Each structure stands twice: as structure tokens, then as C-alpha cells.
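Observations on chain architecture
Chain by chain, the residues run as shown.
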Amino acid sequence: MSAPLVHIRSVEKIFQSPDGPVIALRDINLDIRAGEFVCLLGPSGCGKSTLLNALAGFAHPSAGAIEVSGQTIRTPGPDRGMVFQEYALFPWMTIASNVAFGLEIKGMARSEIDARVSGLLQQLGLWDFRDRFPKDLSGGMRQRVAIARLLAIDSPIMLMDEPFGALDALTRRSLQDELLKIWTSFGKTIVFVTHSIEESIYLADRIVVMTYRPGTIKKDVPVHLDRPRDPAAPAFNELKRHLSELVMEEQMRHEDAERKSFAID
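If you're wondering where the values come from, they're calculated on a predicted model, not measured in any experiment. (Residues numbered from 1 in each chain as written. Predicted model: local features only at pLDDT ≥ 70, side-chain atom pairs only at ≥ 80, totals over all residues. Heavy atoms only, no water.)

Another point: unusual backbone geometry. One can expect most non-glycine residues to show negative phi and most peptide bonds to be in trans. A cis amide bond links arginine 213 to the next residue, proline 214, at an omega of -5°. When you line up the elements, proline 214 lands in the loop between β9 (206–210) and β10 (217–222). Phi is positive for aspartate 154, close to 60°, though the residue is something other than glycine. Within the fold, aspartate 154 resides in the loop between α4 (139–153) and β7 (157–161). On the basis of relative accessible area, aspartate 154 is assigned to the partly exposed category, the value being 46%. Of note in this structure, glutamate 162 is not a glycine but carries a positive phi near 45°. In this fold, glutamate 162 is placed in the loop between β7 and α5 (169–186). A relative accessible area of 18% places glutamate 162 in the buried class. (Helix = DSSP H or I, 4+ residues; strand = E, 2+ residues; numbered from the N terminus. Buried < 20%, exposed > 50% of the residue type's maximum accessible area, 1.4 Å probe, protein only.)

For the rest of this paragraph, the subject is the side chain of glutamate 199. In this structure, glutamate 199 sits in helix α6 (residues 197–203). Glutamate 199 gets classed as buried once you look at its relative accessible area, which sits at 3%. Leaving out residues up to four positions away in the same chain, glutamate 199 has contacts with Phe164, Arg172, Gln176, Phe192 and Thr194. (Contact = heavy atoms within 4.5 Å.)

Grouped together as the largest cluster of nonpolar side chains are 51 residues, with contacts concentrated most on Phe37, Phe192, Ile201, Ile207 and Leu243. For this core, the element with the most residues is α4, which contributes eight residues. With sequence-adjacent residues up to four places away left out, leucine 243 is seen in contact with Leu41, Ile197, Ser200, Ile201, Ile207, Val209 and Val221. (Core = buried A, V, L, I, M, F, W, Y, C linked by side-chain atoms within 4.5 Å.)

Here's what the structure looks like:
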């Protein structure tokens, strides 16, 4: 087999707090191959976003290392693009300008920028909104813009931190389907953080369930379900029950830790 695109080995992350060190991640070991769709799943406080930020280069591991294509990650880079829950669009720029921004920073010729941006806006159903501003768009449309901006710079790895968490159920499902089309069409490698068990099953090739703090990998679960996936199917719900048990064990640990903390205070 070919070498993994992402190689995470023995990663730990410790934050300093007024009450002493907090171990956010401990002994994380994970390989992700090119073209995989991997979801990080677990309760709040399990370190999902911390791990994603380390992969993005926004945070440095306290121990261990993360490699992409054999190179140790030390800073953000064009090979890894991020989509956040809160869109992170420039409010003073039009939709087209937001999508073009990364290409302008790279110094691409104007004609190439215009061609790439127009193609993405049409593909993602944003063409009629190209001269609007983010404030004029719904949450779902803003997230489409954020995804288009990431696709414009053509990062092979897409890092997504609960990108659909703030959306209503119908919009969320629509964007999940759109993301799967993008993943298939563009051949991206996606690492996707979510709290939603159903979302993780609907999207992922593999689901990495993480423990409550310190965050470790509780179980790496392959998803052997044909696409498109039907959330009403028995196999889908069997896997959902299994993952629910794993996640609820960690949620209970989380709640027990909070109760003990309140009791001490």
C-alpha cells in the first residue's frame, strides 16, 4: 500500500491554565490516505478541534509530530485549507471577491482567477449572488461561499470544523450532499469534525471516535455502507447504535468530571 498522506504519530497537546496544565490530547496515532473522508467524532472537550488545528498548523503539538506528504507540519500551508463553522468571510467583499481572495494573494493572473471563480460559483449555485455581500446570504449560502473559496486555492486536504453545525436540518442535509459531490468530483482528502453521529455515518469512510479529555482515539470505525446512504436503513441504524454507545460513554465521563469539579468548587 502507498504511504499515508497524513501521518500523525504520538501527538500530545498540553495547554497551561490558571489551575495548572490541561492535557487536551494524549498519544494520538492516526494515518489518513489520499482521498479518504474521515470524521472526528466525540463529545465537547475531547480535543477534536484541537487535533484539527494542529493538522492545519494553527497549533503546535507539545509532543509527537504530524506529517503531510512526508513533511512535518510546523505552520499553515496551501496544501491544507480550513472551513470553519462561522464562515470566516470578509464582510466588506462581494461573494466573488471572497472566493478570489486566495488566488489574488498567490499572484495568479486575473484571467485565470476570473475563470476559476466563475466556474466554482456556477458549480455551487452561487453565480446569481456573485455581486452580493455575505450579509445578504443565508447561513447555508455563506457556507457554500466558504467551501468555494477553499476549492479555489485547490488545497488537496480540506479540514472542516463542524461546518454545518449552525444550520437547520434541511439546509444541513443539502450541504452534506453537496460536499459529497465535491469530494467525489475533486478527489479531495477531507477531515471533518462533528458532534453528530448520523452526520458522521452519512459522510465518512472512517469515523474516529475520541475520548473525553485527555483526548485519545477510543476507536477507529470503518463505514462499509454503500453510497448514497439511507439513514432509515437497518445497517445505518445498527452502526448508529454502536457509535452512540461509544460516544455516550465519553459523554457520561464528561458529565461526571463536571459534577466533581462543581463539588470541589
